[in-house]
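# Topology and contacts: notes
Residues per chain are reported as follows:
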Amino acid sequence: MSDKYCARCGKMLPEGSLKYMVHIQILSDFDGVLPYAEDDLSEEIQTLLKKMEDMDVQELEDEVYQEISFVLCERCKKLFARDPLNSETVIFPLNKKLENLIH
Ligand SMILES: [Zn+2]
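A separate point is unusual backbone geometry. Phi at N86 is positive, roughly 55 degrees, even though this residue is not glycine. Secondary-structure assignment places N86 in the loop between α3 (74-82) and α4 (94-102). Taking relative accessible area as the criterion, N86 reaches 45% and is therefore assigned partly exposed.

Attention now moves to the coordination of the zinc ion. Those protein atoms acting as donors to the zinc ion are C6 (SG), C9 (SG), C73 (SG) and C76 (SG), and they sit at 2.3 Å. Around the zinc ion sit four donor atoms, and with donor-metal-donor angles ranging over 102 to 115 degrees the site reads as tetrahedral. Donor residues binding the zinc ion come from one chain and are separated in sequence as C-x2-C-x63-C-x2-C. With C6 in the loop between β1 (4-5) and β2 (12-13) and C73 in strand β4 (residues 65-73), this residue pair connects regions lying 67 residues apart in the sequence. When sorted by exposure, C6 lands in the same class as C73, which is buried.

Once that is clear, we can look at the nonpolar core. Side chains of nonpolar character tend, in soluble globular proteins, to be buried together. Membership of the largest hydrophobic core is limited to seven residues, which are C6, L13, V22, V71, L72, C73 and C76. Broken down by element, the residue count for this core peaks at three residues, all from β4. Not counting residues up to four positions away in its chain, the partners in contact with L72 are C6, A7, R8, L13, K19, Y20, V22, K77 and F80.

Moving on, we get to the pattern of salt bridges. All told, the structure shown has two salt bridges when counted by the stated rule. For the salt bridge of K50 with E53, the shortest nitrogen-to-oxygen distance reads 3.7 Å. Of this pair, K50 and E53 both sit in helix α1 (residues 38-53), three residues apart, roughly one helical turn.

Let's shift gears to the packing of aromatic side chains. Considering all chains together, one arrives at one aromatic pair under this definition. Look at F70 and F80: their rings are 5.9 Å apart centre to centre, the planes differ by 85 degrees, and that puts the pair in the edge-to-face class. Within this pair, whereas F70 is found in strand β4, its partner F80 is found in helix α3, the two being separated by ten residues in sequence. F80 sits in the partly exposed class, given a relative accessible area of 25%.

Rules used throughout
Within any chain, residue numbers begin from 1 and follow the written order of that chain's sequence. In keeping with the predicted nature of the model, local features appear solely for residues at pLDDT of at least 70, side-chain atom pairs appear and are counted solely at 80 or more, and the whole-chain, interface and lining totals rest on all residues. Excluding hydrogens and water, the side-chain figures rest on all heavy atoms present in the structure. Helix numbers and strand numbers start at the N terminus; a helix is a DSSP run of H or I with at least 4 residues, a strand a run of E with at least 2. Per-residue accessibility, obtained with a 1.4 Å probe over protein chains only, is compared with the maximum for each type, and a residue is labelled buried under 20%, exposed over 50%, and partly exposed between these values. Each metal's donors are the N, O and S atoms found within 2.8 Å of it, except that Na, K and Ca use a 3.2 Å limit; water is left out, so coordination can look incomplete. Between 85 and 135 degrees for all angles marks four donors as tetrahedral; over 155 degrees for opposite donors together with 65 to 115 for all other angles marks four donors as square planar and six as octahedral; every other arrangement is irregular. Only buried Ala, Val, Leu, Ile, Met, Phe, Trp, Tyr and Cys residues count toward a nonpolar core, and they belong to the same one when joined by side-chain atoms within 4.5 Å. Any two residues whose heavy atoms approach within 4.5 Å are treated as being in contact. Definition used for salt bridges: Asp or Glu carboxyl oxygen within 4 Å of a side-chain nitrogen of Lys or Arg. In this scheme Phe, Tyr and Trp rings, the latter by its six-membered ring, pair at centre separations within 6.5 Å, and the angle between planes marks the pair as stacked below 30 degrees, edge-to-face above 60, and tilted otherwise.

Shown next, in the form of structure tokens:
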């Protein structure tokens, strides 16, 4: 087994060092509701089929199911676990939105 590197900071993680494997599964969460009137459904299906023709197989698979795996060092694992959605760097943080509503 060879040395690995932290996917976040690039730190070398030699054999035997403390490291964490992160495995993420992203699944399409279809709730059974189609947001179209029945009359529009065949038109929507045609539009969807046309869109699918322009996508490659990998894109189509990723629309439904995606797996991502990477290794993190101890420090980056703590940061990732504390904020897995990276919400601290979102363009419009929630508190900014609230400030805008108050003014
Ligand atoms: Zn790291």
